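# Residue-level structure breakdown
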Amino acid sequence: MLKRTLGNNALEVSALGLGCMGMSFGYGAPADTQQMIALLRGAVEQGVSFFDSAEVYGPFINEELLGEALAPVRDQVVIATKFGFAPDRDGKWSGLNSRPEHIREVAEASLKRLKTDVIDLFYQHRVDPNVPIEDVAGAVKDLIQEGKVKHFGLSEAGASTIRRAHAVQPVTALQSEYSLWWRKPEAEILPLLEELGIGLVPYSPLGKGFLTGKFDSQSTFDSGDFRSRLPRFTSEALKANQALVELLRQVGQRNNATPSQVALAWLLAQKPWIVPIPGTTKATRLTENLGALQVQLSARELQDLDVAAAHISVQGERYPEALEKMTGL
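Everything numeric in this text was worked out from a predicted model, so none of it was measured.

The rules behind the values
Residues numbered from 1 in each chain as written. Predicted model: local features only at pLDDT ≥ 70, side-chain atom pairs only at ≥ 80, totals over all residues. Heavy atoms only, no water. Pairing = 2+ DSSP bridges. Helix = DSSP H or I, 4+ residues; strand = E, 2+ residues; numbered from the N terminus. Contact = heavy atoms within 4.5 Å. Axes fitted to C-alpha atoms, helices over the stretch in contact; angles between N-to-C directions. Buried < 20%, exposed > 50% of the residue type's maximum accessible area, 1.4 Å probe, protein only. Right-handed = clockwise from strand over helix to strand, strands pointing away. Polar contact = N/O pair within 3.5 Å; in protein donor to acceptor, adjacent residues only side chain to side chain. UniProt positions renumbered as here; feature names shortened; annotations may be inferred. Arc of directions from axis to C-beta. Core = buried A, V, L, I, M, F, W, Y, C linked by side-chain atoms within 4.5 Å. Salt bridge = Lys/Arg side-chain N within 4 Å of Asp/Glu carboxyl O. Phe/Tyr/Trp six-rings, centres within 6.5 Å; stacked < 30°, edge-to-face > 60°. Lys NZ or Arg CZ within 6 Å of the ring centre and 35° of its normal.

### Comments concerning the sheet that holds strand β4 (residues 50–52)
Pairing between sheet strands relies on hydrogen bonds along the backbone, with the strands arranged either parallel or antiparallel. If you walk across this open sheet you meet the 7 strands as β3-β4-β5-β8-β9-β10-β11, and the pairing is parallel. Because the sheet does not close on itself, it has two edges, and the strands there are β3 (18–19) and β11 (199–203). Pairing between β4 and strand β5 (residues 78–83): 3 bridges, direction parallel. The partner of F51 across the bridge, within β5, is I79. Across the sheet, helix α3 (residues 100–113) touches β5 and β8 (119–124), and the angle it forms with β8 is around 140°.

Listed below in structure tokens is the structure:
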């Protein structure tokens, strides 16, 4: 398995990680626990060493799943999890809380659920406008000094926030959506990360499944699948955005690769400090995604992809307005 390094703090991980949210949250009912344990351990056997979770995935059950599955191989893997959400008055996990005392409470609880004595990478899940980012970074710095956390990360944070946090506690990685159908980080975020020596961990590198080519305008999503509420997954948007999938399919045919593999290969080619974390609940998809590491797109193909993609106007916002406001991009 190819390795990559995140940040100047030199966190070495597999070149592709595994996003674990969908095993427990977001796409309907949680997957079978024993099947997911088998999938996670199978990923380790195939060389994956970077696993992404969060307390809110479930909530809690995704961390518990990783804790059980990865305990026998804990010394071989890097586990990332996140803090920053909290139940609101209705009991829904839509409220934000990054107060220092809450960060510590989450860390202690996550350590227990993950069955470990240290969190390798601890992200702020979303920037909390009510808590100065310097206080957040300071709280994680204290946890690092105590040996309970190894690395500090941010998620969907803007440039100013990243810079301010990094001045207090070096940020090892930023997790943000980034793919051929969401390229906003290229304008301001990627140059800043390069300047500061921070790695990028793209979530949804396959566009929440869209870039796999398995959806069309007739596709529907259950009410428990959060894509049913996303503007980019309406039938009109799915139909309009097929042009991007066709582009990936055409490049894939020349490289004996699937659209998913081309999409991931394109991401990996952007910067050596980018580590995508595609998620899946299927062993076949895991193997397919890892196959992207064998796809070597030529400089001409990368240029042609950029030019062609630039002429495709992606339809539909990625999130409803309320969710988009919680991001700093």
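### Considering the pairing of strand β9 (residues 149–155)
Across the 7 residues that make up β9, a large majority, 6, are buried. With 5 bridges connecting them, β8 and β9 associate as parallel partners. The partner of I119 across the bridge, within β9, is V149. Following the backbone out of β8, through helix α4 (residues 133–145) and into the adjacent parallel β9, one traces a crossover that is right-handed. Of the strand pairs in this sheet, β9 and strand β10 (residues 171–177) are connected by 4 bridges, and their pairing is parallel. Within the sheet, the bridge partner assigned to G153 lies in β10 and is A173. With helix α5 (residues 159–168) bridging β9 and its parallel neighbour β10, the resulting β-α-β unit is right-handed.

### Brief notes about the environment of T81
Within the secondary structure, T81 sits in strand β5. With 63 residues separating them along the chain, T81 and I144 place their C-alpha atoms 14 Å apart. The residues contacting T81, other than those within four sequence positions of it, are S53, A54, E55, E63, S110, L114, I119, L121, F122 and Y123. For T81, the side chain forms a polar contact with the main-chain nitrogen of A54, separated by 3.5 Å. A distance of 2.6 Å separates polar atoms of two side chains, one belonging to T81 and the other to E63.

### Brief notes about the UniProt feature "domain: NADP-dependent oxidoreductase" (unreviewed entry) in the protein
Within this numbering scheme, the UniProt entry marks residues 16–306 as carrying the feature "domain: NADP-dependent oxidoreductase" (unreviewed entry). End C-alpha to end C-alpha, residues 16–306 measures 22 Å, and it is 41% helix and 14% strand.

### Regarding the side chain of R113
Position of R113 among the secondary structure elements: in helix α3. If sequence neighbours within four positions are ignored, R113 has contacts with E55, F60, E63, E64 and G67.

### Here we look at helix α6 (residues 185–196)
Listed as buried for α6 are P185, I189, L190, L192, L193 and L196. In a view along the axis of α6, the buried residues occupy a sector of 160°, so they form one face of it. Seen from the open side of α6, the exposed residues pointing more than 90 degrees away from its buried face are A187, E188 and E195. Buried-residue contacts for α6 involve α5, β10 and β11. Of the residues trailing α6, G197 is marked for its positive phi of about 75°.

### Let's talk about the nonpolar core
Note on soluble globular proteins: their nonpolar side chains tend to be buried together. L40, F50, F51, L70 and I162 are the most contacted members of the largest nonpolar core, which has 102 residues in total. Examining the composition of this core, we find that 7 residues originate from one element, helix α9 (residues 259–270), more than from any other. Not counting chain neighbours up to four residues away, the residues in contact with F51 comprise L18, C20, L40, A43, V44, L66, L70, V77, V78, I79 and A80. Among the nonpolar cores identified, the runner-up in size contains 5 residues, and A54, V56, Y57 and F85 belong to it.

### Concerning the pattern of salt bridges
What the rule picks out here adds up to 21 salt bridges. Across the salt bridge formed by R74 and D120, the nearest N and O atoms sit 2.9 Å from each other. Note that R74 is positioned in the loop between α2 (61–70) and β5 and D120 in strand β8, a separation of 46 residues in sequence. Judged by relative accessible area, which is 17%, R74 ranks as buried. Using a relative accessible area of 5% as the deciding quantity, one classes D120 as buried. One salt bridge in this structure joins R249 and E246, with 2.5 Å as the shortest N-O distance.

### Some details on the packing of aromatic side chains
Under the definition given, this model contains 10 aromatic pairs. What links up through ring pairs into an aromatic cluster is the set W181, F210, F215, F221 and F233. Across the ring face of F233, the terminal group of R227 is positioned such that the distance to the ring centre comes to 6.0 Å. Positioned above the aromatic ring of W181, the side-chain terminus of R232 is 4.8 Å from the ring centre.

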